[in-house]
Amino acid sequence: MAQQAARTHHLTFNTDGQAHPLENTLVAVTLLLGGIAIVSSIFDHLHLLSSLTGLAGIISGGYGQFISVTTAERFALIIGLGMAAVGFYLGMAHGGFFGG
């Protein structure tokens, strides 16, 4: 007879049972920067903020993808990377780093 696997129903990025403080911090930073970038890209006059936070989110998310261990971390990083990239590109379209 097959054994039933124990399922955990709480939200965690550490699905392998080990602690990953650096990876989890990068996930949180990427999601935060992506959120700031995409919200600030709505306003034309915040192009510098959305460009800088978007670029920082892309860099932190890219490094997080490089060192991530679990699928849950990678999933959240892709969401944050997407938000950061959209915010970065819209910030660049609205004037970028130097205005215009």
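Above: the structure in question.
Residues numbered from 1 in each chain as written. Predicted model: local features only at pLDDT ≥ 70, side-chain atom pairs only at ≥ 80, totals over all residues. Heavy atoms only, no water.

Section: the packing of helix 1 (residues 21–40) against helix 3 (residues 71–93)
- Packing of helix 1 against helix 3 brings their axes to within 7 Å, and their N-to-C directions diverge by 30 degrees. Between helix 1 and helix 3, the angle falls in the class roughly parallel. Both helix 1 and helix 3 take part in a crossing whose hand is left-handed. Residues Glu23, Asn24, Leu26, Val27, Thr30, Leu31, Gly34, Gly35, Ala37 and Ile38 of helix 1 touch helix 3, and the partners they reach there are Glu73, Ala76, Leu77, Ile79, Gly80, Leu81, Met83, Ala84, Val86 and Gly87.
- For the contact of helix 1 with helix 3, the residue count by class is 12 nonpolar, 6 polar and 2 charged. (Axes fitted to C-alpha atoms, helices over the stretch in contact; angles between N-to-C directions. Helix = DSSP H or I, 4+ residues; strand = E, 2+ residues; numbered from the N terminus. Parallel < 35°, antiparallel > 145°, perpendicular 65-115°, else oblique. Left-handed = near helix turned anticlockwise from the far one by under 90°. Contact = heavy atoms within 4.5 Å. Nonpolar A, V, L, I, M, F, W, Y, C, P; charged D, E, K, R; others polar.)

Considering the side chain of Ser51
- With respect to the helices and strands, Ser51 occurs in helix 2 (residues 47–67).
- Ser51 gets classed as buried once you look at its relative accessible area, which sits at 0%. (Buried < 20%, exposed > 50% of the residue type's maximum accessible area, 1.4 Å probe, protein only.)

Focus: the environment of Leu11
- Along the chain, Leu11 turns up in the segment before helix 1.
- Separated by 42 residues in sequence, Leu11 and Thr53 have C-alpha atoms that sit 27 Å apart.

Details of helix 1
- With 20 residues, helix 1 extends 28 Å from end C-alpha to end C-alpha; this agrees with the ideal 28 Å at 1.5 Å per step.
- Among all positions of helix 1, only Glu23, Leu26, Val27, Thr30, Leu33, Gly34, Ala37 and Ser40 are buried.
- In this structure, the buried side of helix 1 is in contact with helix 2 and helix 3. (Expected span 1.5 Å × (residues − 1).)

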